[in-house]
Amino acid sequence: MSEANFSGTGAGLVGHGALIERLLRGEFICRVTDEDGWRALKSPAVRERIETYLNQINRTVASAGEGEVFFCGYAQLGEAERKVISSQFKDICQALIPLVEWLVLVQEASGQDAPLTEGAPVRLTELQGRIEETPAFREQLGKLSQYRLFGSTSTNVDAQLKLVFKRLVELGFLTRPNVEKQIYIATGKLDYLYEVIRFIDETEGLNLEAQAETATQRELI
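Residues numbered from 1 in each chain as written. Predicted model: local features only at pLDDT ≥ 70, side-chain atom pairs only at ≥ 80, totals over all residues. Heavy atoms only, no water.

Caption draft 1: How the structure looks around the pairing of strand β1 (residues 59–64). Note: β1 against strand β2 (residues 69–74), six bridges, orientation antiparallel. By the bridge assignment for β2, Arg59 is matched with Tyr74. Between β1 and β2, which pair antiparallel one after the other, the connecting turn spans four residues, and Gly65 there sits at a positive phi close to 60°. (Pairing = 2+ DSSP bridges. Helix = DSSP H or I, 4+ residues; strand = E, 2+ residues; numbered from the N terminus.)

Dropping the structure here:
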């Protein structure tokens, strides 16, 4: 689908075809992942025009992180849409525990008071140094890196970390602006993840964050 495909929906959408394509691919748009697209969606006029187009194909612009992260949802739910959402939600649930354990590890190893949020940098070299010098952190990394989400078979901290971070970039939770540097930036998809965690905790009483903190007492998925 090219930008030309959108020209028929009105001049107001010209130039936003690539943004609509990203939304339809399931990407999360925030200041970190696409600042131009984020600014466009922050504009009520532009967002309304994009919303009008998406509504024609039963899609809508949804948001998370107090309106700072945008993604594409369904405007109305029929049987087919519910099946898709159910499958997506199952995938998210299967990934939650390893993701939460990773977030806890990064927070503790970095000595931060709060978990990662959009725009926060993670310096892989510094993080690796702290993990290597702390047996408890090495054990946490070793266990979480073996989850199916990451699939590491290595016993080496460097290899484990690089695989985990590579996978998190692929999943859209991190971005690496400069491939020459080991600095990663958290994206707005993390803020969406926190909302999912809160929703599940409130509706299911799972207390995922507490589970992550006692991860070393559980078997791997």
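Let us keep going from here.
Caption draft 2: Representation of the packing of aromatic side chains within the structure. Scanning the entire structure with this criterion turns up five aromatic pairs. Aromatic side chains Phe28 and Tyr192 sit 4.7 Å apart centroid to centroid with 50° between the ring planes, which places their arrangement in the tilted category. Residue Phe28 is found in the loop between α1 (17–24) and α2 (35–42), and its partner Tyr192 is found in helix α8 (residues 189–204); the two are separated by 164 residues along the sequence. For the ring pair Phe71 and Tyr192, a centre distance of 5.1 Å and an interplane angle of 65° mean the geometry is edge-to-face. Of this pair, Phe71 sits in strand β2 while Tyr192 sits in helix α8, and the two are 121 residues apart along the sequence. Grouping aromatic residues by their ring pairs yields a cluster made of Phe28, Phe71 and Tyr192. The lysine or arginine in question, Lys189, covers the ring of Phe173, its NZ or CZ lying 4.9 Å from the ring centre. (Phe/Tyr/Trp six-rings, centres within 6.5 Å; stacked < 30°, edge-to-face > 60°. Lys NZ or Arg CZ within 6 Å of the ring centre and 35° of its normal.)

Caption draft 3: Inspection of the pattern of salt bridges at higher detail. With the rule as written, the count across this model stands at 11 salt bridges. Notably, a salt bridge pairs Arg39 with Glu35, separated by 2.8 Å at the nearest N-O pair. With Arg39 and Glu35 both in helix α2, this residue pair falls four residues apart, about one helical turn. Since its relative accessible area comes to 33%, Glu35 is described here as partly exposed. Residue Glu170 pairs with Arg167 through a salt bridge whose shortest N-O separation is 3.4 Å. Taken together, the residues Glu170 and Arg167, both in helix α7 (residues 157–170) and three residues apart, mark about one turn of the helix. (Salt bridge = Lys/Arg side-chain N within 4 Å of Asp/Glu carboxyl O. Buried < 20%, exposed > 50% of the residue type's maximum accessible area, 1.4 Å probe, protein only.)

Interpretation note: all reported values are geometric properties and have no functional meaning in isolation.
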